[in-house]
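One letter stands for each residue in the lines below.
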Amino acid sequence: MAKMEGLAHIGVFISDLERSKKFYEDVLDFETIYECGIEEKDGTTTNVAFVKNGNLVLELVRTANPQKRQDGWVDHIALAVEDIESIQKMLENRGIEFETDAPVLGANVFPNGAKWLTFRGPDGEHLEVNEVFPY
């Protein structure tokens, strides 16, 4: 049986690599850890940047000819936080507009509940800050 050691990264297709890097770095405190170009069979280059915060790595992918992907569907990326209210204030000060005014309480989502807030990234990607109450 293949042993999975954890999540390596999440690929996020974006339309403007510099804009997305700036957002993830300046707003969400990620750090760019590696960038490269990948030569495609059709002669174009796909540019990628890996950004990291804590143990979460996102691969920002900019293809030469962006198009809406039809295969697979990931609804959102949830970022684990402590003290969601403080995170909300910090992100609002950085220009984030949340989809609700206050954290949503999900009393039965985890054994002791959780709170979350959702917002959008620069390409409309669904992002969430999520605080799970201790077990």
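Below, the structure is looked at part by part. Position numbers for residues start from 1 in each chain and track the written sequence from start to end. In keeping with the predicted nature of the model, local features appear solely for residues at pLDDT of at least 70, side-chain atom pairs appear and are counted solely at 80 or more, and the whole-chain, interface and lining totals rest on all residues. With hydrogens and water stripped out, all remaining heavy atoms of the structure feed into the side-chain values.

**Some details on the sheet that holds strand E2 (residues 31-39)**
On the basis of which strands lie adjacent, the open sheet formed by four strands has the order E1-E4-E3-E2 and mixed pairing. Each having just a single partner strand, strand E1 (10-13) and E2 make up the two edges of the open sheet. The sheet shows a mean angle of 25° between the axes of neighbouring strands, taken without regard to direction. The pairing criterion is simple: DSSP has to find at least two bridges between the two strands. Only DSSP runs of H or I with at least four residues qualify as helices, and only runs of E with at least two residues qualify as strands; both kinds are numbered from the N terminus onward. By the bridge criterion, eight bridges tie E2 to strand E3 (residues 45-53) in an arrangement that is antiparallel. The partner of Tyr 34 across the bridge, within E3, is Phe 50. Here, residues are in contact when the closest pair of their heavy atoms is within 4.5 Å. Axis lines are fitted to C-alpha atoms, over the contacting stretch for helices. Their N-to-C directions set the angle, which ranges from 0 to 180 degrees. Of the strands in this sheet, E2, E3 and strand E4 (56-62) touch helix H1 (residues 17-26), which is tilted by about 160° from E4.

**Some thoughts on the pattern of salt bridges**
Side-chain pairs of opposite charge can arise whenever the charged atoms involved come near each other. Any carboxyl oxygen of Asp or Glu that lies within 4 Å of a side-chain nitrogen of Lys or Arg is treated as forming a salt bridge with it. Going through the model one piece at a time under the given rule, you end up with seven salt bridges. When the shortest N-O distance is used, the salt bridge between Arg 94 and Asp 29 registers 3.0 Å. On the criterion of sequence distance, the pair formed by Arg 94 in the loop between helix H2 (84-93) and strand E6 (104-106) and Asp 29 in the loop between H1 and E2 is long-range, its members being 65 residues apart. Salt bridges sharing partners connect three or more residues here, namely Glu 18, Lys 21 and Glu 35.

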